[in-house]
Amino acid sequence: MILSIAAIPEAEKLDEIRVGLAKLSWQDGRATAGAVASRVKVNEQAVMSNPAGRTISKLLLPLVIDNPIVKAAARPRRNSGLLVSKTQDGGHYGAHVDNSLMGKGDAQIRTDISFTLFLSDPSDYEGGELVVQTAGMTQTIKGQPGNLVLYSSTSIHEVKPVTSGTRIVAVGWIESHIRNDAQRELLFDMQNTRSSLGQKLPVDAPELLMIDKSIANLMRMWAGS
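These notes cover the structure that comes with them. Everything numeric here is computed off the predicted structure, so don't read it as measured data.

### Regarding the sheet that holds strand S15 (residues 156–159)
1) Next: Pairing within the open sheet is antiparallel, and its five strands lie in the order S3-S7-S15-S12-S13. Whereas interior strands pair on both sides, the edge strands pair on one side only; in this sheet they are strand S3 (41–42) and strand S13 (137–141).
2) Next: Judged from the two bridges that link them, strand S7 (residues 92–96) and S15 form a sheet pairing that is antiparallel. Each residue of the ladder has a partner; that of His96, found in S15, is His157.

Have a look at this one:
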């Protein structure tokens, strides 16, 4: 499943993010890539360990992880920290699959879901499309600022060369309570059906109670499998 979400629609919040991005310092993006990915990665990565990096992470990460659609679609158990990437001057990120594990020690997570949060206006740069391949489908995405894209970490994906301007995004990973992609998608569909019916039926309607019970039973059955 590839899911696009308008995660940050507020103009004031986007303005605050732009101010924070302007304070970041940058390093070679290969410093945060695995052995295979580093061969196809040509971009810059923000230094997240200094005050400016910590500030932008503290600002952005809750907007992703606490988003109700993300919670329904991803069923997050744990998440990585954020990386902020800058691509320009022909930079790109060739086709790759994300590492199955991210982080070290107690902070290490299994990468079930990857996300890209677009932060630059697409009219400010040429190229730079995110291309995600799933079974039987290839999707090309160039999102507006605040647009969040979720996709399976096992998907082959790439960022096309940025031929002019500057593309800035935040990326990260989620370990889900539900490891299987198809099971997560079924639960998300059921939750959407429940939300739609909930706008028409009383809170104690048998139909809603039945869906709630089914979701709870499947969560117990599938969690950690």
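### Some thoughts on helix H5 (residues 206–222)
1) Next: Here H5 contains 17 residues, and its C-alpha end-to-end distance of 24 Å stays within 8% of the 24 Å for a straight helix at 1.5 Å per residue.
2) Next: Looking at H5, one finds that the buried residues are Leu208, Ile211, Ile215, Leu218, Met219 and Trp222. For H5, the angular spread of buried residues about the axis comes to 105°, placing them on one side. With respect to the buried face of H5, the exposed residues turned more than 90 degrees away are Pro206, Met210, Lys213, Arg220 and Met221.
3) Next: Residues of H5 that are buried make contact with helix H4 (181–198).

### Examining the packing of helix H1 (residues 11–22) against helix H2 (residues 51–65)
1) Next: As a packed pair, H1 and H2 sit with axes 10 Å apart at the nearest point and diverge in direction by 145°. As for the relative orientation of H1 and H2, their crossing is left-handed in sense. Contact residues: H1 offers Lys13, Glu16, Ile17, Gly20 and Leu21, while H2 offers Ile56, Leu59, Leu60 and Leu63.

Thresholds applied
Residues numbered from 1 in each chain as written. Predicted model: local features only at pLDDT ≥ 70, side-chain atom pairs only at ≥ 80, totals over all residues. Heavy atoms only, no water. Pairing = 2+ DSSP bridges. Helix = DSSP H or I, 4+ residues; strand = E, 2+ residues; numbered from the N terminus. Expected span 1.5 Å × (residues − 1). Buried < 20%, exposed > 50% of the residue type's maximum accessible area, 1.4 Å probe, protein only. Arc of directions from axis to C-beta. Contact = heavy atoms within 4.5 Å. Axes fitted to C-alpha atoms, helices over the stretch in contact; angles between N-to-C directions. Left-handed = near helix turned anticlockwise from the far one by under 90°.

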